[in-house]
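Breakdown of the fold
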Amino acid sequence: MKFDAQMECLLGGVLALLIVASITGWILKGALRGEAAQKLVANLNARINAWWIMAAVFGAALAAGRTASVVMFGFVSFLALREFITITPTRRHDHRALFWAFFVVLPYQYWLVAANWYGMFAICIPVYAYLLIPIRNAIAGDTERFLERTSKIQWGLMVCVYFVSYAPALLDLQIPSYENQNAKLLFFLVFVVQISDVLQYVWGKCCGRRPIAPHVSPNKTVEGFAGGGLSAVAAGAALWWITPFNPWQAAAMSAVIVLMGFFGGLVMSAIKRDRGVKDYGEMIPGHGGIMDRIDSLCFAAPVFFHLTRYFFTR
Amino acid sequence: MLTGARAHWLGCAPEGKLRVYFANHTSNLDFVVLWAAMPRHIRAVTRPVAAHDYWTASPLRLALAQRVFKAVLIERKRVTRANNPMEPMLAALRAGQSLIIFPEGGRMDGDGIGEFRGGLYHLAKEGLELEFIPAYIENLNRVMPKGEVLPIPILCSVTFGPPLKIGADEGKPAFLARARGALLELSKR
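Residues numbered from 1 in each chain as written. Chains lettered and ligands numbered in written order. Predicted model: local features only at pLDDT ≥ 70, side-chain atom pairs only at ≥ 80, totals over all residues. Heavy atoms only, no water.

1. Let's talk about the interface of chain A and chain B
In this assembly, 18 residues from chain A lie in contact with 20 residues from chain B. Taken together, the two surfaces of chain A and chain B that pack against each other cover about 1700 Å², and 59% of this comes from carbon and sulfur. Linking chain A to chain B there are one salt bridge. Across the pair Glu148 of chain B and Arg96 of chain A runs a salt bridge whose closest N-O atoms are separated by 2.7 Å. At the boundary of chain A with chain B, the tally comes to seven residue pairs in polar contact (both at pLDDT 80 or more). Secondary-structure elements contributing two or more residues to the side of chain A that touches chain B are helix H3 (66–87) and helix H4 (95–114) of chain A. Its residues assigned to classes, the side of chain A that touches chain B comprises nine nonpolar, four polar and five charged. (Contact = heavy atoms within 4.5 Å. Buried area = accessible area lost by both parts, 1.4 Å probe. Salt bridge = Lys/Arg side-chain N within 4 Å of Asp/Glu carboxyl O. Polar contact = N/O pair within 3.5 Å; in protein donor to acceptor, adjacent residues only side chain to side chain. Helix = DSSP H or I, 4+ residues; strand = E, 2+ residues; numbered from the N terminus. Nonpolar A, V, L, I, M, F, W, Y, C, P; charged D, E, K, R; others polar.)

2. What to know about a nonpolar patch on the surface
All names here are of chain A. Together, Leu15, Ile19, Ile23, Trp26, Ile27, Trp52, Ile53 and Val57 make up a nonpolar patch on the protein surface, roughly 820 Å² of accessible area in all. For the nonpolar patch, the secondary-structure elements that each account for two or more residues are helix H1 (5–31) and helix H2 (35–64). With five residues, H1 is the single largest residue contributor to the nonpolar patch. Structurally, Leu15 is set in helix H1. Classification of Leu15 by relative accessible area gives partly exposed; the value is 44%. (Patch = residues over 30% accessible without salt bridge, like charges linked within 9 Å, V, L, I, M, F, W, Y side chains within 5 Å. Areas by Shrake-Rupley, 256 points an atom, 1.4 Å probe, with all protein chains shown as cover. Buried < 20%, exposed > 50% of the residue type's maximum accessible area, 1.4 Å probe, protein only.)

3. Remarks on the pattern of salt bridges
All names here are of chain A. One pass over the full model with this rule turns up 19 salt bridges over all chains. With its nearest N and O atoms 3.7 Å apart, the salt bridge here joins Arg91 to Glu144. With Arg91 in the loop between H3 and H4 and Glu144 in the loop between helix H5 (118–140) and helix H6 (146–169), this residue pair connects regions lying 53 residues apart in the sequence. Judged by its relative accessible area of 29%, Arg91 falls in the partly exposed class. For Asp197, the salt bridge goes to Arg293, with nearest N and O atoms at 2.6 Å. Of the two residues, Asp197 sits in helix H7 (residues 182–207) while Arg293 sits in helix H10 (residues 290–312), which places them 96 residues apart along the sequence. Among the charged side chains, a salt-bridge network with shared partners connects Arg91, Asp94, Asp142, Glu144 and Arg149.

4. Digging into the state of the cysteines
Evaluated as defined, the whole model comprises zero disulfides over all chains. In this model Cys207 of chain A remains outside any disulfide bridge; the closest cysteine sulfur is found in Cys206 of chain A, 6.2 Å from its own. What makes Cys207 of chain A partly exposed here is its relative accessible area of 29%. Of the cysteine sulfurs around Cys156 of chain B, a residue in no disulfide, the closest is that of Cys160 of chain A, at 17 Å. (Disulfide = S-S within 2.5 Å.)

5. Examining the sheet that holds strand E1 (residues 6–9) of chain B
All names here are of chain B. As summarised here, the arrangement of the seven strands in space is E1-E7-E6-E2-E5-E3-E4, forming an open sheet in which the pairing is mixed. Every interior strand has two partners, whereas the edge strands, E1 and strand E4 (72–74), have only one. Taking the axes of each pair of neighbouring strands and ignoring which way they run, one obtains an average angle of 25 degrees across the sheet. Relative to E4, strand E3 (residues 46–51) runs parallel, the two being bridged by three bridges. Its bridge partner being in E4, Ala51 is matched across the sheet by Ile74. Packed on one face of the sheet, helix H5 (residues 86–94) meets strand E2 (19–23), E3, E4 and strand E5 (98–101) and runs near 160 degrees to E4. Packed on one face of the sheet, helix H8 (residues 172–188) meets E2, strand E6 (131–138) and strand E7 (157–160) and runs near 40 degrees to E6. (Pairing = 2+ DSSP bridges. Axes fitted to C-alpha atoms, helices over the stretch in contact; angles between N-to-C directions.)

This is the structure in structure tokens:
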């Protein structure tokens, strides 16, 4: 992938956003008083600093080309699956099945993306891995909570590997008069997903009152979702010029991404509450684990991929 | 890479005092992870105590134990006066080296903590200025359960608790129960 002028423009825009965010964080740190406010600002600044690193990694992977992007998302999947399995109690006899999941299924799925073998990519985990995991567990011979243990591993593979792999798979879509520009499509997805999270967080902190699902995720509020979601859709629509869509289509796609991202966050929070943990890990300061950062991407990527593939490819 | 080990120093700081760290034993990787959880200068003066029979069973294991881990090897099966397991441990302590011991005396199967063997008590009775630090290792048994050779990636953590000292007239069962209780306490948080 060669970077065109538009891509440089986008990366410049992200850089500008990060600089504005850092300056805002720095001003807030000096302006706000009180322990609770200082704690919030400290968390905010930790998040902003982590954004610099995440943006740099993503930008570097895009710049280094298709293979590098696939490898980067594969690595993200690995870290996410590791967090997912860590908080999920497994038994000794799940060991071999887990070994297959980490070291055979995951690399093979990303190899399929790299090899651009769509037919196999789309069914590898939902069909073959889905069958393989219970077979391996049955051979191991431990029948206690068999269905539960097997589904946990299947879920981990679907959410952390299969869904995430749809993001780099965007690079292989053949869209008429959009050849060799797919990096911008991937950028569009990741940008809308993440800016939606950020804006919902900002709106929620500023004027969030009524929680949507207090038992699942107390920080998600009607005001945050509406304000943040609508501004993210506006941001996505404003980026129509980097996509194969017209402005209205870009707005509709953004709306789908925002909605699926929101549901992704909700479902992954429900899993955390079920397991009694607050975050999936402590890898990214201020955010939690990598799974806390990509939960919305997991749910948005496959839907965005299939809508684009259905309506816009040959 | 595989375990992403995290260290939580709860009841004590990583200091260079003469210490005996005692931990639950679930995997052969245990003291590697414990070492990884310690800052470099502590690691340099801390040696694991390991079973003589296991680590001398092949030349490779022996080389690992002696050169890499610098383990204090003790006899756990055929104890006689000539190979009293206390001697090598005390020699290391007198030379100013802290120890890591696994008082359950072997790798455990599940998540529970087994009964402690008496070594902890005998060390405590020697009258050295010793701090006993409980160190709970979480999840490592899932990375590589007993009997498996291939590890899987799971996040682990090591939690160090507050130091214990033996009471003036504390008996063996009481001290061992208190030590085991401290480890159990860490496992519940």
